[in-house]
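# Geometric and topological summary
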Amino acid sequence: MAFGKALYDRRTELGLSSAQLAERTGMEQDDIECIEEGGTAPTLELLRLLAAAR
């Protein structure tokens, strides 16, 4: 859950919607929301996708 909260906090700090972050990562908006709700464990690949989102 801590990872999801951190992702939500950072996304909102940047002024991004979950749809915008999903577009930047090539993921679905539902996937971003699931991560933020603590439903997805962070993997190395997931961290790479999120870190590369610009």
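To be clear, the structure that these remarks concern was listed above.
Small disclaimer: the values here were computed from a predicted structure and weren't measured. (Residues numbered from 1 in each chain as written. Predicted model: local features only at pLDDT ≥ 70, side-chain atom pairs only at ≥ 80, totals over all residues. Heavy atoms only, no water.)

### Side note on the overall build of the chain
Looking only at helices and strands, one finds four helices and zero strands in the chain. If you list the helices and strands of the chain from N to C, you get α-α-α-α. Here the C-alpha radius of gyration of the chain, 10 Å, is about what a compact globule of 54 residues would show, namely 10 Å. For the chain, the spread of C-alpha atoms along the principal axes amounts to about 20 × 20 × 20 Å. The buried share of the chain, reckoned over its 54 residues, is 28%. Counting only contacts in the chain whose residues sit at least 6 apart along the sequence, the fraction spanning at least 24 positions is 52%. As presented, the chain carries roughly 3,700 Å² of accessible surface, and 51% of it is formed by carbon and sulfur atoms. Of the charged side chains in the chain, 6 are positive and 10 negative; the average position of the first set lies 10 Å away from that of the second. (Helix = DSSP H or I, 4+ residues; strand = E, 2+ residues; numbered from the N terminus. Rg over C-alpha atoms; globule rule 2.2 N^0.38 Å. Buried < 20%, exposed > 50% of the residue type's maximum accessible area, 1.4 Å probe, protein only. Contact = heavy atoms within 4.5 Å. Areas by Shrake-Rupley, 256 points an atom, 1.4 Å probe, with all protein chains shown as cover. Lys, Arg positive; Asp, Glu negative; His and termini not counted. Charge placed at Lys NZ, Arg CZ, Asp CG, Glu CD.)

### Let's talk about the packing of helix 2 (residues 18-25) against helix 3 (residues 29-36)
Two elements in contact, helix 2 and helix 3, have axes whose closest approach is 8 Å; the angle formed by their N-to-C orientations is 110 degrees. Classified by the interaxial angle, the pair formed by helix 2 and helix 3 is roughly perpendicular. As helix 2 runs across helix 3, the sense of the crossing is right-handed. When helix 2 is examined against helix 3, the residues Ser18, Ala19, Leu21, Ala22 and Thr25 are found in contact with a partner set consisting of Gln29, Ile32 and Glu33. Counted by class, the contact of helix 2 with helix 3 contains four nonpolar, three polar and one charged residues. (Axes fitted to C-alpha atoms, helices over the stretch in contact; angles between N-to-C directions. Parallel < 35°, antiparallel > 145°, perpendicular 65-115°, else oblique. Left-handed = near helix turned anticlockwise from the far one by under 90°. Nonpolar A, V, L, I, M, F, W, Y, C, P; charged D, E, K, R; others polar.)

### Considering the nonpolar core
Leu7, Leu21, Ala22, Met27, Ile32, Ile35, Leu46, Leu50 and Ala53 together form the largest nonpolar core, which totals nine residues. Counting only elements with at least two residues in this core, the list comes to helix 2, helix 3 and helix 4 (44-52). The residues contacting alanine 22, other than those within four sequence positions of it, are Met27, Glu28, Gln29 and Ile32. (Core = buried A, V, L, I, M, F, W, Y, C linked by side-chain atoms within 4.5 Å.)

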